[in-house]
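Here's the letter readout for the chains.
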Amino acid sequence: MGSPQVSALAHIFKGNFVHSSNSSPLDILQGHLLGVEESGKIAFLEPVEEQEKLAKKWGFKVSQIRELSNNEFFMPGLVDTHIHAPQYSFSGTRVDLPLLQWLKAYTYPTETKYKDSDFAEEVYTRAVRRTLKNGTTTACYFATIHTDASLLLADITDKFGQRAFVGKVCMDINESCPDYKETTSESIKETERFVRGVLEKKYARVHPVVTPRFGPSCTEEMLGSLGDLAKAHDVHVQSHISETEEEIKLVEKIFPTYQNYTELYDKNKLLTNKTILAHGCYLSDEELKLFNLRGTAIAHCPNSNTALCSGFLNVKKVLKYNVKLGLGTDVAGGYSASMFDAIRKTLIVSNTLKINKENEEGLTLKEVFQLATLGGSQALGLDAITGNFEVGKEFDALLINTKASDSPFDLFASDMFEDIIQKFLYLGDDRNIEEVYVAGKLVVPFSSSV
């Protein structure tokens, strides 16, 4: 009998790899070989001592191996579990008001502009390019209430090769900006059109997500209908929860029969194991228990939580309840589209809670690295597909060069490899990201076709 058929390899890399596993927040694998199949899946990750055996099994030559320099390493792509693509046009500005006033003054008036598909195409293209350049290989996007522009965002993410969830926003209540809302029936019908439109395209890595904006912008009828729709199509759900105390009071006023904000989503079939809710700064222990029971995830957005003075999420408490948690930039309440900023802000917020004696210990850099990669993929239900360099997963990866010509930090002869990783995570940026891969395909530098 002949030997079993072995798939062709698209890439073979030799060098240093850094990733997380369920048992270890940060594994450093120095002197390893990683092979990627033509399908984009990781074929092997083994010490270099196994090279001869691997070459025999996979049929590759030494000349096919790409050897990284000592200044380079691969890490998994970053997972942004919460980002508003239309708000990218004003990111880095206008973070001077609390949430509800901020929505009225800046956000809703900006989002109304996305009925213009040319405007939408320009901003969405720039948002996807920027996030990819910053190392975001997976993004969970809010769009606007405009179906066609939301379908366009799905198209753009697919064209650039980014893994994404894209949601057409639903809102049938908006007293602060009456021009920016839908009727209940229109919102449900258009969401159905959006979900079907994305599914019918059969994108390899772009999925629809049912997106009620948040409790105060939706009637009970719409929430229930969206819950039914998500169940019927077996798709993800995203929204916001307990971002500010003012928002929670508004939910209590609009929906007095519900015990709390979480129950509002739960009773309307929106709290599922395919749901990710942003913020959660003021969730009670009972609510966190329900999150755990339903398998619902939280997107932690420390930049916007602090920039808009919304509150602090106690990540250690959330994790104590075994609730899935990833990080989000929350552009543009969060002023940076970089997940490295989200990593740093997560550490600052955690340290603040320690200083204020709410926690005995803060999160470590290693733990936050895990949340930004594997944690995000778990929160989005993608951890069987991506999130680390386990064999069989798709190769979503960043090639980091710590000595890039315009690197924003310096290395010294005394720096150990772990020091170099720490310097990059605290001080590095897109100048250090030489290449970005999604499912084994090089997506940055951008090809001339996009």
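Treat the numbers as computed from the prediction; the structure is a model and nothing was measured.

What counts, and at which threshold
Residues numbered from 1 in each chain as written. Predicted model: local features only at pLDDT ≥ 70, side-chain atom pairs only at ≥ 80, totals over all residues. Heavy atoms only, no water. Buried < 20%, exposed > 50% of the residue type's maximum accessible area, 1.4 Å probe, protein only. Helix = DSSP H or I, 4+ residues; strand = E, 2+ residues; numbered from the N terminus. Pairing = 2+ DSSP bridges. Expected span 1.5 Å × (residues − 1). Polar contact = N/O pair within 3.5 Å; in protein donor to acceptor, adjacent residues only side chain to side chain. Salt bridge = Lys/Arg side-chain N within 4 Å of Asp/Glu carboxyl O. Contact = heavy atoms within 4.5 Å. Axes fitted to C-alpha atoms, helices over the stretch in contact; angles between N-to-C directions. Left-handed = near helix turned anticlockwise from the far one by under 90°.

1. Overview of the pairing of strand β10 (residues 206-212)
On any regular strand, side chains alternate: one points to one face of the sheet, the next to the other face. The element β10 is extensively covered by neighbouring structure, given that six of its seven residues are classed as buried. Relative to β10, strand β8 (residues 163-167) is paired through three bridges, and the arrangement is parallel. Each bridged residue has a counterpart across the sheet, and for Phe-165 the counterpart in β10 is His-207. Alignment of strand β9 (residues 169-170) against β10, held across two bridges, turns out to be parallel.

2. Structural notes on helix α12 (residues 339-355)
Here α12 spans 24 Å end to end across 17 residues, near enough to the 24 Å set by a 1.5 Å rise per residue. Here α12 has its buried residues at Met-339, Phe-340, Asp-341, Ala-342, Ile-343, Lys-345, Thr-346, Leu-347, Val-349, Ser-350 and Leu-353. You can read the cap of α12 off the contacts: a side-chain oxygen lies 3.1 Å from the backbone nitrogen of Phe-340, and it is on Ser-338.

3. Description of the pattern of salt bridges
Taken as a whole and assessed by the stated rule, the structure comprises 24 salt bridges. When the shortest N-O distance is used, the salt bridge between Asp-234 and Lys-274 registers 3.2 Å. With Asp-234 in the loop between α6 (220-233) and β11 (236-241) and Lys-274 in the loop between α8 (261-267) and β12 (275-279), the pair connects residues that are 40 residues apart, well separated along the chain. Note that Arg-294 and Asp-266 form a salt bridge whose closest N and O atoms lie 2.6 Å from each other. Pair noted here: Arg-294 is in helix α9 (residues 285-294) and Asp-266 is in helix α8, with a separation of 28 residues, a long-range link. Accessibility expressed as a relative area gives 16% for Asp-266, which makes it buried.

4. Overview of the pairing of strand β3 (residues 42-47)
Sheet topology places strand β2 (residues 27-37) next to β3; five bridges connect them, and they run antiparallel. Each residue of the ladder has a partner; that of Val-36, found in β3, is Ile-42. In this antiparallel pair of consecutive strands, β2 and β3, the connection spans four residues, and Gly-40 shows a positive phi of 95 degrees.

5. Regarding helix α5 (residues 184-201)
Taking 1.5 Å of rise per residue, the 18 residues of α5 would be expected to cover 26 Å, and the 26 Å separating its terminal C-alpha atoms lies within 8% of that figure. For α5, every residue scored as buried is listed here: Thr-184, Ser-187, Ile-188, Glu-190, Thr-191, Phe-194, Val-195, Gly-197 and Val-198. Contact partners of the buried residues in α5: α4 (147-160), β8, β9, β10 and α6. Downstream of α5 by a residue or two, Lys-202 has a phi angle that is positive, lying close to 50 degrees.

6. Remarks on the packing of helix α3 (residues 117-133) against α4
Where α3 meets α4, the closest approach of the two axes is 9 Å, and the angle between their N-to-C directions is 35 degrees. Here α3 and α4 pass one another in a crossing that is right-handed. Along its contact with α3, which presents Ser-117, Ala-120, Glu-121, Tyr-124, Thr-125, Val-128, Arg-129 and Leu-132, the element α4 presents Ala-149, Leu-152, Leu-153, Ile-156, Thr-157 and Phe-160.

7. Describing unusual backbone geometry
In this structure, Ala-332 follows Val-331 across a cis peptide bond, with omega equal to 10 degrees. Turning to its location among the elements, Ala-332 is positioned in the loop between β14 (325-327) and α12. Residue Pro-445 is bonded to the preceding Val-444 through a cis peptide linkage, with omega at 0 degrees. Note on placement: Pro-445 falls in the segment after β17 (441-444). The phi dihedral of Ser-242 falls on the positive side, at around 45 degrees, and the residue is not glycine. Looking at where Ser-242 falls in the secondary structure, it is placed in the loop between β11 and α7 (245-254). Given a relative accessible area of 2%, Ser-242 falls into the buried group. Although it is not a glycine, His-279 adopts a positive phi angle of roughly 85 degrees. Following the sequence through the fold, His-279 ends up in strand β12. His-279 sits in the buried class, given a relative accessible area of 0%.

8. Some points on the environment of Thr-157
Relative to the assigned elements, Thr-157 resides in helix α4. A relative accessible area of 0% means that Thr-157 is categorised as buried. For the pair Thr-157 and Asp-406, spaced 249 residues apart in the sequence, the C-alpha separation amounts to 28 Å. Thr-157 has contacts with Val-128, Tyr-141, Gln-162, Ala-164, Val-166 and Val-206, leaving out every residue within four places of it along the chain.

9. Regarding the environment of Ala-230
Position of Ala-230 among the secondary structure elements: in helix α6. Its relative accessible area of 5% is what places Ala-230 among the buried residues. The spatial distance from the C-alpha of Ala-230 to the C-alpha of Lys-274 is 9.3 Å, given a sequence separation of 44 residues. When sequence neighbours within four positions are dropped, the list of residues in contact with Ala-230 reads Val-210, Val-235 and Val-237.

Function cannot be inferred from these measures alone, as they are strictly geometric.
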